[in-house]
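# Summary of the model geometry
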Amino acid sequence: MIQLKKMELLNINGGGISGTMINAFSKALNSLLDLGRSLGTAIRRIVTGNLC
């Protein structure tokens, strides 16, 4: 195992945006949009009185 010095550790840069991170953001955005659609539909149905 390689032992790194403190200055070498400070110079390590992390990776960029990975595909997994983009996928997670995409799913979160889709979930928020679905929640907004459901909420909007529920409000519209209550206001217009079109309940089952």
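All figures in this text were calculated on a predicted structure; none of them were measured in a lab.

Along its length, the protein carries 2 helices and 0 strands. Taken over C-alpha atoms, the radius of gyration comes to 24 Å for the protein, far larger than the 10 Å a tight globule of 52 residues would show. Summed over its atoms, the accessible surface of the protein is roughly 5200 Å², and 65% of this surface lies on carbon and sulfur atoms.

Now for a nonpolar patch on the surface. Where nonpolar side chains cluster on the molecular surface, the patch consists of Ile2, Leu4, Leu9 and Ile12 and spans about 430 Å² of accessible area. Positionally, Leu9 belongs in helix α1 (residues 6–10).

Another point: the pattern of salt bridges. One pass over the full model with this rule turns up 1 salt bridge. The shortest N-O distance in the salt bridge between Arg37 and Asp34 comes to 2.8 Å. With a gap of 3 residues between them, Arg37 and Asp34 both fall in helix α2 (residues 19–48), about one helical turn apart.

On to the environment of Asn50. Here Asn50 shows up in the segment after α2. Distance in space between the C-alpha atoms of Asn50 and Gln3 is 69 Å, their sequence separation being 47 residues. Only 3.4 Å separates the side chain of Asn50 from the side chain of Thr48, close enough to count as a polar contact.

Thresholds applied
- Residues numbered from 1 in each chain as written.
- Predicted model: local features only at pLDDT ≥ 70, side-chain atom pairs only at ≥ 80, totals over all residues.
- Heavy atoms only, no water.
- Helix = DSSP H or I, 4+ residues; strand = E, 2+ residues; numbered from the N terminus.
- Rg over C-alpha atoms; globule rule 2.2 N^0.38 Å.
- Areas by Shrake-Rupley, 256 points an atom, 1.4 Å probe, with all protein chains shown as cover.
- Patch = residues over 30% accessible without salt bridge, like charges linked within 9 Å, V, L, I, M, F, W, Y side chains within 5 Å.
- Salt bridge = Lys/Arg side-chain N within 4 Å of Asp/Glu carboxyl O.
- Polar contact = N/O pair within 3.5 Å; in protein donor to acceptor, adjacent residues only side chain to side chain.

These results come straight from atomic positions and should not be treated as a statement about function.
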